[in-house]
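If you want the building blocks of each chain, they are given just below.
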Amino acid sequence: MSLFGEYDSQNIFAAIIRGDAPCYKIYEDDDVLAFLDLFPQAYGHTLVIPKNAKARNLLEVDGDTLAKMMATVQRLTGIIVDELKPDGVQVMQFNGTAGGQTVFHIHMHIVPRWESQGIGAHASGKGDPAELAALQERLVKRIG
Ligand code: AMP
């Protein structure tokens, strides 16, 4: 998919926002939703998306939405780091297929990283449902 084009309301994150698809939700307010990545690149891999913007990428999202999203990214990154104690954390965002994007609803990745593990570019597979559910419960308790 190109950097430019029509927003597709059938994308999986739009379905999650509508409640038509499940997710391991860890935080939600009027503007933003955060949930665990189903194919985590590392333990604690979290996605943060705006709920009300039909924006595919950084070039399309309005500044107010982006500001709300980033405020949540910063807050959740702090809580995730405090709770999971990684050695580092990546905060990433991809645009267009050539830029590494696979889901065309703008989102930020929060990926905790440990020195003992490499930084893999790709997920190793679907996360274990029991592990994701336990992590969801752990983070929800912290986020409140
Ligand atoms: P990107 O490559 O930046 O577009 O990232 C999309 C991310 O969404 C990838 O890390 C996928 O593992 C993740 N993903 C795809 N489908 C789902 C889903 N149903 N629930 C949670 N994460 C998903």
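Criteria and thresholds
Residues numbered from 1 in each chain as written. Predicted model: local features only at pLDDT ≥ 70, side-chain atom pairs only at ≥ 80, totals over all residues. Heavy atoms only, no water. Near = heavy atom within 4 Å. Polar contact = N/O pair within 3.5 Å; in protein donor to acceptor, adjacent residues only side chain to side chain. Areas by Shrake-Rupley, 256 points an atom, 1.4 Å probe, with all protein chains shown as cover. Nonpolar A, V, L, I, M, F, W, Y, C, P; charged D, E, K, R; others polar. Salt bridge = Lys/Arg side-chain N within 4 Å of Asp/Glu carboxyl O. Buried < 20%, exposed > 50% of the residue type's maximum accessible area, 1.4 Å probe, protein only. Helix = DSSP H or I, 4+ residues; strand = E, 2+ residues; numbered from the N terminus. Expected span 1.5 Å × (residues − 1). Arc of directions from axis to C-beta. Contact = heavy atoms within 4.5 Å. Core = buried A, V, L, I, M, F, W, Y, C linked by side-chain atoms within 4.5 Å. Patch = residues over 30% accessible without salt bridge, like charges linked within 9 Å, V, L, I, M, F, W, Y side chains within 5 Å. Pairing = 2+ DSSP bridges. Axes fitted to C-alpha atoms, helices over the stretch in contact; angles between N-to-C directions.

Undergrad: When you look at the site of the ligand in this model, what are you seeing that I'm missing?
TA: Around the ligand, the surrounding shell holds 15 residues, and the nearest of these are Asp37, Thr102, Val103, His107 and His109. A distance of 2.5 Å is found between an oxygen atom of the ligand and a side-chain nitrogen or oxygen belonging to Asp37. Protein contact buries 87% of the 510 Å² of open area that the ligand shows by itself. For the shell around the ligand, the per-class residue count stands at nine nonpolar, five polar and one charged.

Undergrad: Mind showing me how you'd approach the pattern of salt bridges here?
TA: For side chains of opposite charge, pairing can occur when their charged atoms come near one another. Applying the stated criterion to the full structure yields eleven salt bridges. With a closest N to O distance of 2.6 Å, Lys25 and Glu28 form a salt bridge. By relative accessible area, which is 36% here, Lys25 ends up partly exposed. With relative accessibility at 36%, the residue Glu28 sits in the partly exposed group.

Undergrad: Looking at this structure, I do not really get helix α3 (residues 129-143). What am I missing?
TA: The terminal C-alpha atoms of α3, which comprises 15 residues, lie 21 Å apart, in line with the 21 Å expected from a rise of 1.5 Å per residue. Restricting attention to buried positions, one finds in α3 the residues Leu132, Leu135, Leu139 and Ile143. In an axial view of α3, the angular spread of the buried residues amounts to 65 degrees, which keeps them on one side of the axis. Exposed residues on α3 whose side chains face more than 90 degrees from its buried face are Ala130 and Lys141. Buried residues along α3 sit in contact with β1 (25-28), β2 (32-36) and α2 (63-84). Once α3 finishes, Gly144 follows within two positions and takes phi at roughly 80 degrees, a positive value.

Undergrad: What is the right way to read the nonpolar core from this model?
TA: Proteins that are soluble and globular tend to have nonpolar side chains buried together. Counting 27 residues, the largest nonpolar core has Ile26, Leu36, Val48, Leu76, Leu139 and Ile143 as its most contacted members. Counting only elements with at least two residues in this core, the list comes to β1, β2, α2, β5 (108-113) and α3. Considering each element in turn, this core owes the most residues, six residues, to α2. Residues within four places of Leu36 in sequence aside, it is in contact with Tyr24, Ile26, His45, Thr46, Leu132, Leu135, Gln136 and Leu139. One finds Phe13, Ala15, Ala21 and Val103 within the second-largest nonpolar core, a separate group that totals nine residues.

Undergrad: Could you clarify how one ought to interpret a nonpolar patch on the surface in this entry?
TA: Together, Leu3, Phe4 and Leu59 give the surface a local cluster of nonpolar side chains, amounting to about 320 Å² of exposed area. Looking at Leu59, the relative accessible area reads 56%, which means it is exposed.

Undergrad: Looking at this structure, how should I read the sheet that holds strand β3 (residues 46-50)?
TA: Remark on secondary structure: sheet strands pair via backbone hydrogen bonds, oriented parallel or antiparallel. Pairing is antiparallel across the open sheet formed by five strands, whose spatial order is β1-β2-β3-β5-β4. Either end of the sheet is taken by a strand with one partner, and the two such strands are β1 and β4 (88-92). The average undirected angle you get between the axes of adjacent strands in this sheet is 15 degrees. As defined by bridge partners, β2 adjoins β3 across five bridges and the pair is classed as antiparallel. For Phe35, the partnering residue across the bridge sits in β3 and is Leu47. Sitting on the sheet, α2 is in contact with β1, β2, β3, β4 and β5, with an inclination near 15 degrees to β5. Its contacts with the sheet put α3 on β1 and β2, and the angle it makes with β1 is roughly 30 degrees.

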